[in-house]
Amino acid sequence: MKKQFNRMRQLANQTVGRAEKTEVLSEDLLQVEKRLDLVKQVTHSTHKKLTACLQGQQGTDMEKRSKKLPLTILAQCMVEGAAVLGDDSLLGKMLKLCGETEEKLAQELIQFEFQIERDVVEPLYVLAEVDIPNIQKQRKHLAKLVLDMDSSCSCSFIFFK
């Protein structure tokens, strides 16, 4: 309550003591600030959708991702089936070859997702959840400081009048 009263008093002093208040941001910077809100929304939704597209478990090491990946499970099933049938059967040879190929595809997918997470997902998260909120926080702090400056100037103006 006391904070609100002080803020209202500052606003009153500002409007009584001076005809104009100091402009915190120029028109160009106001446009940039509006754009910043849009960038935050877009980066947040893109991060969310991109994370949902990843098949491996996010944030785990390559081996843990590999064990949970459906391609790896399929590859393992094919290799096991080939072992049961043996190398002398055509189906056994085909399953072994397909299983090895699926395992290679799974490893490529894991490496690709790991790079996407490192190079795209994490920077998007930092931008949306750390950098932009810090910019907005600093902007609010600047507005408060300008208001304080205007109030102190108007008080000085009234005092010395």
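Please refer to the structure placed before this passage.
All of the points below concern the structure found in this document. Here the structure is a predicted model, which means the values were calculated and not measured.

Description of the overall build of the chain
Counting its secondary structure elements, the chain contains 5 helices and 0 strands. Beginning at the N terminus, the succession of helices and strands in the chain can be written as α-α-α-α-α. Every one of the 161 residues in the chain was classed for burial, and the buried ones make up 24%. Within the chain, residue pairs in contact and separated by at least 24 positions form 75% of the contacts whose partners lie at least 6 positions apart. Here the chain has roughly 12,000 Å² of accessible surface; of this, 63% comes from carbon and sulfur atoms.

Thoughts on the environment of Glu80
Looking at where Glu80 falls in the secondary structure, it is placed in helix α4 (residues 70-85). In this structure, the C-alpha to C-alpha distance between Glu80 and Leu95, residues 15 residues apart in sequence, is 8.6 Å.

Some words on helix α2 (residues 27-53)
Its 27 residues place the ends of α2 39 Å apart at the C-alpha level, agreeing with the 39 Å of an ideal helix rising 1.5 Å per residue. All buried positions along α2 are accounted for by Leu36, Thr43 and His47.

Considering a nonpolar patch on the surface
Together, Val84, Leu85, Leu91 and Met94 make up an exposed nonpolar region whose accessible area comes to about 400 Å². Sorting the residues of the nonpolar patch by element identifies α4 and α5 (90-160) as the ones contributing at least two each. As for its position among the elements, Leu91 is in helix α5. On the accessibility criterion, Leu91 (47% relative accessible area) is partly exposed.

Concerning the pattern of salt bridges
Any two side chains of opposite charge can pair, so long as their charged atoms come close to each other. Counted by the stated rule, this structure contains 3 salt bridges. A salt bridge links Glu33 to Arg139, with the nearest nitrogen and oxygen atoms 3.1 Å apart. Within this pair, whereas Glu33 is found in helix α2, its partner Arg139 is found in helix α5, the two being separated by 106 residues in sequence. Lys144 serves as the salt-bridge partner of Asp148, at 2.9 Å between the closest nitrogen and oxygen.

Some points on α4
In a regular helix each residue adds 1.5 Å, so 16 residues correspond to 22 Å; α4 covers 23 Å between its end C-alpha atoms and thus fits that length. Those residues of α4 that fall on the buried side of the exposure criterion are Thr72, Ala75, Met78 and Ala82. Looking down the long axis of α4, one finds its buried residues gathered within 125° of arc, a one-sided arrangement. Pointing more than 90 degrees away from the buried face of α4 are the exposed residues Pro70, Cys77 and Val84. Remark: Gly86 follows α4 within two positions and exhibits a positive phi of approximately 90°.

Rules used throughout
Residues numbered from 1 in each chain as written. Predicted model: local features only at pLDDT ≥ 70, side-chain atom pairs only at ≥ 80, totals over all residues. Heavy atoms only, no water. Helix = DSSP H or I, 4+ residues; strand = E, 2+ residues; numbered from the N terminus. Buried < 20%, exposed > 50% of the residue type's maximum accessible area, 1.4 Å probe, protein only. Contact = heavy atoms within 4.5 Å. Areas by Shrake-Rupley, 256 points an atom, 1.4 Å probe, with all protein chains shown as cover. Expected span 1.5 Å × (residues − 1). Patch = residues over 30% accessible without salt bridge, like charges linked within 9 Å, V, L, I, M, F, W, Y side chains within 5 Å. Salt bridge = Lys/Arg side-chain N within 4 Å of Asp/Glu carboxyl O. Arc of directions from axis to C-beta.

All quantities given are derived from atomic positions and should not be read as evidence of function.
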